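Structure assessment
Listed below, chain by chain, are the residues.
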Amino acid sequence: MPLQNMRGALRLLLIIFVFVAGVWVQASGTIEELLFYLPDVKYLVGQHLWLTVMSGGLAILVAIPLGIVLSRPSMAHLAESVMQVLNVGTTIPTLAVLALSMSFLGIGTLPAVFGLFVATLLPITRNTYAGLKGVSPALREAASGIGMAPLQRLFKVELPNALYVIFAGIRTALTINVGTVPLAFLIGAGGLGELIFTGIDLYDPLMMLAGAIPTALLAISVDALIATTAFAVVPRGVNPSRA
Amino acid sequence: MIRLDNLTKVFDTPKGAVTAADQITMEVPAGEICILLGPSGCGKTTSLKMINRIIRPTSGKVFINGEDTTGLNTQELRRNIGYVIQQIGLFPNMTIEENISVVPKLLGWDKTRYKERARELMRMIALEPDAFLKRYPSELSGGQQQRIGVARALAADPPVMLMDEPFGAIDPINRAVIQDEFLKMQQDLKKTIMFVSHDIDEAIKMGDHIAIFRAGRLEQYSRPDELLANPKDEFVESFLGEDRALKRLNLVKVRDLASENVATVLPEEDLQTALNRMDDHGYPGSIMMVNDRHQPVGVVQRPVAQTTKGYCRDHFETVPTMARLDDDLRKVASLMFAHDMTWLPCVDDNGRLCGQITQRAITHHLGSRYRVQQAETIAEV
Ligand SMILES: Nc1ncnc2c1ncn2[C@@H]1O[C@H](COP(=O)(O)OP(=O)(O)OP(=O)(O)O)[C@@H](O)[C@H]1O
Ligand SMILES: [Mg+2]
């Protein structure tokens, strides 16, 4: 009970804060000034999303098959070392990845997509691999013993049972991706980073906010979208959120 | 029919080779249940899994219905063998209906056919189709899941079944119920079944044959009664337990030992007649009284008949307990002990008296094997 009271109190405080902030913003004319950037924002959101969809989509297309291949018993000797490399890869900051990719591929969309792709690839591969490895040996034995061929087993038993974990990976990866796209501006790929970084350079907080707020909203929406998809797609029997 | 021919499995482990199955040769006749029994780690599961090639044999062959399975395609082979794994292994991502329909779908049945089959199987395992088919495995109790596991293995009506401790996860009471249901099904289905267990009572109840394993070797392969009466060596003997003679009681039905002629009296006969009849048949203590449909209604005691004049209908006691023809001797013995009786009246399905069973007949039956054995030994000497 005390915990719930506390939560209630916090929520109330938050609502009051948002309200006061809203009143202040309205009174000071900030909203109008922000709306000034609306046409820019619209265009840049499009660019931003495009970067996310390209890099994220490619990452999903590559990462899931990669995770599947690594999880096959015949790959067991290689899989652990590849996963180690991927794990080390995750620790490299995205900015550094982008910088590296720029030094190979030059300036523009291509190096940005590639850098983002690399950063997004890792969590999805890791979760796909871990999800498949986590399917209980008893299920695999039952599937084989019943007469499923290896591919049938993969698609009918292993993937569905790993799906929840795979989706969790996609969710983390894409949310991070959306939040990282602003950095792509630094290597000339556009996106909402244009407003954020220019705002910082010009010491114009409103311009910066005009980029930052949509970025945050995009990240939240992408997260919600994937969560909803997972809820709908993952079968009820293996979906903890539907249990 | 399943025939194992010198089936051997050697596992290479870091600590050296482990022979999990050592030249297993045995044959399970079509339509029979063979129980693989033995202590933990003796190679039961390994032997079972070599039949559907979950484990590749190191050497030796498996024949099913006379055909060497070595040349068969692995998936084809497995689809024709029902497999119940020890850990149940229902697919959590599929509904019960989908779980049961997996093999029929693999075999390319059409939808109406496998759906109808799923309902039929649910009725067979005594679970209400409408209530369960759309559920997921996580929404079932352990015992219900285990039944679904059996239903899934039966789905495509395979002639051969492999079952690895299929009722292991169920409490003793429900296990007995499921065993009974399964035996009833088996009477109609007549599958050839290999069944792993480490419960001797289960083995005796379910098995047509029992194979006792010890450290990868097949020690004894016999029918249950033979096994209990003539364990081959000390290992088998100690594994069966010192009460093995009592365990044999499970295997014999009242109908096998009941003596058919049993003298009775009618309610309207007098006590003197009752006394005479007891003397004629040598009944030391009492005689049954039956009604006109030959159903037992009471017992007339000898002391009463000796000291009293009158009709049986006025001087009887209630029948303490009776045996049915399909009861096993274990139950009968238990009833006799509980009621301090040396004999029980036997009734058929209509409740009509059709014989009696005596403690003497039971002990005689248990001892007869022993006497035959003795006689043979003496003859050999
Ligand atoms: N994959 C394996 N690698 C190495 N040794 C194994 C392997 N599988 C089984 N064994 C060994 O083979 C022997 C027989 O194992 P098996 O699983 O057939 O026993 P079991 O009779 O089924 O026992 P339980 O009643 O405990 O299930 C054991 O000594 C076990 O350690
Ligand atoms: Mg076992």
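Residues numbered from 1 in each chain as written. Chains lettered and ligands numbered in written order. Predicted model: local features only at pLDDT ≥ 70, side-chain atom pairs only at ≥ 80, totals over all residues. Heavy atoms only, no water.

Short version of the rule: UniProt positions are given in the numbering used here, feature names are shortened, and annotations may be inferred rather than shown by experiment.
The name an unreviewed UniProt entry gives chain B is Quaternary amine transport ATP-binding protein, with Halomonas saccharevitans as the organism. UniProt, in the comment section headed Sequence similarities (unreviewed entry), describes chain B in these words: "Belongs to the ABC transporter superfamily." Taken from UniProt, the Catalytic activity (unreviewed entry) comment for chain B reads in full: "a quaternary ammonium(out) + ATP + H2O = a quaternary ammonium(in) + ADP + phosphate + H(+)".

The name that an unreviewed UniProt entry assigns to chain A is Osmoprotectant transport system permease protein, with the source organism given as Halomonas saccharevitans. Note on chain A: under the UniProt heading Subcellular location (unreviewed entry), the record states "Cell membrane". What UniProt states about chain A under its Sequence similarities (unreviewed entry) heading is, verbatim, "Belongs to the binding-protein-dependent transport system permease family."

A word on helix H4 (residues 76–91) of chain A
Residues and elements named next belong to chain A. As a reminder of what qualifies: Going along the chain from the N terminus, every DSSP run of H or I of four or more residues is numbered as a helix, and every run of E of two or more is numbered as a strand. Given the number of residues in a helix, its expected span is that number minus one, multiplied by 1.5 Å. Remark: exposure states derive from per-residue accessible area (1.4 Å probe, protein chains only) relative to the maximum for the residue type, with buried under 20%, exposed over 50%, and partly exposed in between. In this context, the arc is that of the directions from the helix axis out to the C-beta atoms. Only heavy atoms enter the contact rule, under which two residues are in contact if any of them lie within 4.5 Å.
Here H4 spans 24 Å end to end across 16 residues, near enough to the 22 Å set by a 1.5 Å rise per residue. For H4, the full list of buried residues reads Ala-79, Met-83 and Leu-86. Within H4, the buried residues cover an arc of 65 degrees as seen down the axis, which keeps them to one side. Seen from the buried face of H4, the exposed residues on the opposite side, beyond 90 degrees, are His-77, Val-85, Val-88 and Thr-91. Elements in contact with the buried residues of H4: helix H3 (38–71) and helix H6 (109–133).

A few points about the site of ligand 1
Residues and elements named next belong to chain B. Our working rule: Whether a residue is near a molecule or strand depends on its heavy atoms: if one lies within 4 Å, it is near. Distance and chemistry together define a polar contact, namely a pair of N or O atoms within 3.5 Å, with one atom able to donate a hydrogen and the other to accept it when in protein, and with adjacent residues in sequence counting only for side-chain atoms on both sides. Note on areas: Shrake-Rupley with a 1.4 Å probe; residue coverage comes only from the protein chains shown. Classification convention: Asp, Glu, Lys, Arg as charged; Ala, Val, Leu, Ile, Met, Phe, Trp, Tyr, Cys, Pro as nonpolar; all other residues, Gly among them, as polar.
Residues in close proximity to ligand 1 include Phe-11, Thr-13, Ala-20, Ser-40, Gly-41, Cys-42, Gly-43, Lys-44, Thr-45, Thr-46 and His-198, which together make up its full environment. A distance of 2.5 Å separates an oxygen atom of ligand 1 from a polar atom in the side chain of Ser-40. At 2.6 Å, a side-chain N or O of Thr-45 approaches an oxygen atom of ligand 1. Summarising the interface, the protein chains cover 63% of the accessible area of ligand 1, which totals 640 Å² for the free molecule. For the shell around ligand 1, the secondary-structure elements that each account for two or more residues are strand S1 (2–13) and helix H1 (44–51). Of the residues belonging to the shell around ligand 1, the class tally is three nonpolar, seven polar and one charged.

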